[in-house]
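One letter stands for each residue in the lines below.
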Amino acid sequence: MLEIRHLETLVAIRDGGSLVEASERLHVTQSALSHQLRELEERLGTQLLNRRTRPLRFTTAGLRVLALADDVLPRMRAAERELRKLAAGRTGRLHLAIECHSCFQWLMPALDVFREQWPEVVLDLSAAFSFAPLPALVRGDLDLVITSDPVKLEAVHYFPLFRYELVLAVARHSPLAMYKYIEPAHLQDQTLITYPVERDRLDVFTAFLDPADMEPAEVRTTELTPMIVQLVASGRGVAALPNWALTEYLDQGLLQACRLGPDGIWRTLYAGVRVEDQETPYIQNFLDIAREVTFKTLAGIRAPRAGR
């Protein structure tokens, strides 16, 4: 029964003090305003104004509708301003999840740059190690997922960020360090240290060991890259990690990085977004920032292949 124009009319009458002033504020004739007010009172079945007083006074019912107007109209105007900003691409929400344990190394600096350029975009970051991020992206719980394992979904578009080589980290004194490259059989007597994720999400299995039908002697898990490095450096296992994640440890002489197979195993890191959001200005700018930061800070990465 009540419409926004009715609320605006009552506010204009109160603020203007008369029907004449209210009609000027609303850019309508006094006759049209009086007709609208009588129509509303008929709908509600009660009088909203005491027209016999000077100035006009609101009845109890009129004051109740005014209270509603004072609550609703500011929220409506705020929503309209927000929608205009959204339409212009100046504000919004960017909730990210990452499936890469090592990605914090470049992602946090990229987010710092993004915050400076888009202060009105609400940012949130989750580590997608304990939940399925792509279904959450499709549902709208997330806005962007960083992954090296894109799953073809009609609702999701993947933007390639960069290519990296998966290498085997071994202790400097390990006999494996002497090989030109590692073959799957070399890991049959090794403890393989991995992040605690499903086997089918670990490239060392899906792209290296499983095709050769080989298994390591043992699998050990830990969540932290520095802990993996310490275990490898002390000779308690080997680990397959992105080449760029090992740069600082190689520079410190803590371990050795070995190529997996004669040609190496190269993977692409992607940013997945919903199809309807792929041209959103701040999402496009985040992707540009992420690429710029990674190529400035990460060693050994390559540009994505055309069309990938």
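Residues numbered from 1 in each chain as written. Predicted model: local features only at pLDDT ≥ 70, side-chain atom pairs only at ≥ 80, totals over all residues. Heavy atoms only, no water.

A. Here's a closer look at the nonpolar core. Counting residues in each nonpolar core, the largest one holds 32 residues, and the members touching the most others are Leu-94, Trp-106, Leu-144, Ile-146, Phe-162, Trp-244 and Phe-286. Contributing elements (two or more residues each) for this core: strand 3 (92-98), helix 5 (104-117), strand 5 (144-147), strand 6 (156-171), strand 11 (265-274) and helix 10 (281-297). It is helix 10 that provides the largest number of residues to this core, a total of 7 residues. With residues up to four places along the chain from it excluded, the contact list for Phe-162 reads Trp-106, Trp-244, Arg-267, Thr-268, Leu-269, Thr-294, Phe-295, Leu-298, Ile-301, Arg-302 and Pro-304. (Core = buried A, V, L, I, M, F, W, Y, C linked by side-chain atoms within 4.5 Å. Buried < 20%, exposed > 50% of the residue type's maximum accessible area, 1.4 Å probe, protein only. Helix = DSSP H or I, 4+ residues; strand = E, 2+ residues; numbered from the N terminus. Contact = heavy atoms within 4.5 Å.)

B. Structural context of helix 5. Given a rise of 1.5 Å per residue, 14 residues ought to cover 20 Å, and the 20 Å separating the end C-alpha atoms of helix 5 matches this to within 8%. Here helix 5 has its buried residues at Trp-106, Leu-107, Ala-110, Leu-111 and Phe-114. The arc enclosing the buried residues of helix 5, seen along the axis, measures out at 130°, which places them on a common side. Those residues of helix 5 that are buried lie in contact with strand 3, strand 4 (121-127), strand 5, strand 6, strand 11 and helix 10. (Expected span 1.5 Å × (residues − 1). Arc of directions from axis to C-beta.)

C. A look at the packing of helix 2 (residues 19-26) against helix 3 (residues 30-44). One way to put it is that helix 2 packs onto helix 3 with a least axis distance of 9 Å and a crossing angle of 100°. Regarding the angle of helix 2 to helix 3, the classification is roughly perpendicular. Residue-level inspection shows Leu-19, Val-20, Ala-22, Ser-23 and Leu-26 of helix 2 in contact with helix 3, the latter providing Gln-30, Leu-33, Ser-34 and Leu-37. Within the contact of helix 2 with helix 3, the residues separate by chemical class into 6 nonpolar, 3 polar and no charged. (Axes fitted to C-alpha atoms, helices over the stretch in contact; angles between N-to-C directions. Parallel < 35°, antiparallel > 145°, perpendicular 65-115°, else oblique. Nonpolar A, V, L, I, M, F, W, Y, C, P; charged D, E, K, R; others polar.)

D. How the structure looks around unusual backbone geometry. One non-glycine residue, His-27, adopts positive backbone phi at about 60°. Summarising the element assignment, His-27 is placed in the loop between helix 2 and helix 3. You can call His-27 exposed: its relative accessible area is 74%. The backbone phi angle of Asp-213 is positive, close to 55°, even though this residue is not glycine. Within the secondary structure layout, Asp-213 lies in the loop between helix 7 (203-209) and strand 8 (218-221).

E. Examining the packing of aromatic side chains more closely. Evaluation of the coordinates by the stated rule reveals 7 aromatic pairs. Relative to Trp-244, the ring of Phe-162 has its centre 6.2 Å away and its plane inclined at 80°; by these criteria the two rings are edge-to-face. With Phe-162 in strand 6 and Trp-244 in the loop between strand 9 (239-242) and helix 9 (247-251), this pair connects stretches of sequence that are 82 residues apart. Comparing Phe-162 with Trp-244, the two get one shared label, buried. (Phe/Tyr/Trp six-rings, centres within 6.5 Å; stacked < 30°, edge-to-face > 60°.)

F. The side chain of Ser-23, seen in detail. Note on placement: Ser-23 falls in helix 2. Taking the relative accessible area as the measure of exposure, Ser-23 reaches 6% and is therefore buried. Only 2.6 Å separates the side chain of Ser-23 from the backbone oxygen of Val-20, close enough to count as a polar contact. Not counting the four nearest positions on each side in its chain, Ser-23 is found in contact with Val-28, Thr-29, Gln-30 and Leu-33. (Polar contact = N/O pair within 3.5 Å; in protein donor to acceptor, adjacent residues only side chain to side chain.)

G. Region of the structure containing the packing of helix 1 (residues 4-16) against helix 2. The N-to-C vectors of helix 1 and helix 2 enclose an angle of 125°; their axes lie 8 Å apart at closest approach. The angle between helix 1 and helix 2 places the two elements in the oblique class. Seen along the crossing, helix 1 lies across helix 2 with a hand that is right-handed. Contacts between helix 1 and helix 2 involve Glu-8, Thr-9, Ala-12, Ile-13, Asp-15 and Gly-16 on the former and, on the latter, Leu-19, Glu-21, Ala-22, Arg-25 and Leu-26. When the residues that make up the contact of helix 1 with helix 2 are grouped by side-chain class, the tally is 5 nonpolar, 2 polar and 4 charged. (Left-handed = near helix turned anticlockwise from the far one by under 90°.)

H. Structural context of empty space enclosed by the protein. Enumeration over the complete set of coordinates arrives at 1 cavity of 30 Å³ or more. Surrounding the largest cavity, 22 residues form its lining, Glu-99, Tyr-195, Arg-201, Leu-202 and Asp-203 being those nearest its centre. When residues of the lining of the largest cavity are traced back to their parent elements, those giving at least two are strand 6, strand 7 (191-194), helix 7 and strand 9. Each residue belonging to the lining of the largest cavity can be placed in one class, and the counts come to 14 nonpolar, 4 polar and 4 charged. (1 Å grid on protein atoms, 1.4 Å probe; cavity = no way out; pocket = protein on both sides within 12 Å on 5 of 7 lines; lining within 4 Å. Points joined across faces, edges and corners; volume = space filled by probe spheres on them.)

I. Looking closely at the side chain of Thr-280. Positionally, Thr-280 belongs in the loop between strand 11 and helix 10. Since its relative accessible area comes to 18%, Thr-280 is described here as buried. From its side chain, Thr-280 meets the backbone oxygen of Asp-277 in a polar contact 3.0 Å long.

Functional significance is not addressed by these values, which are geometric in nature.
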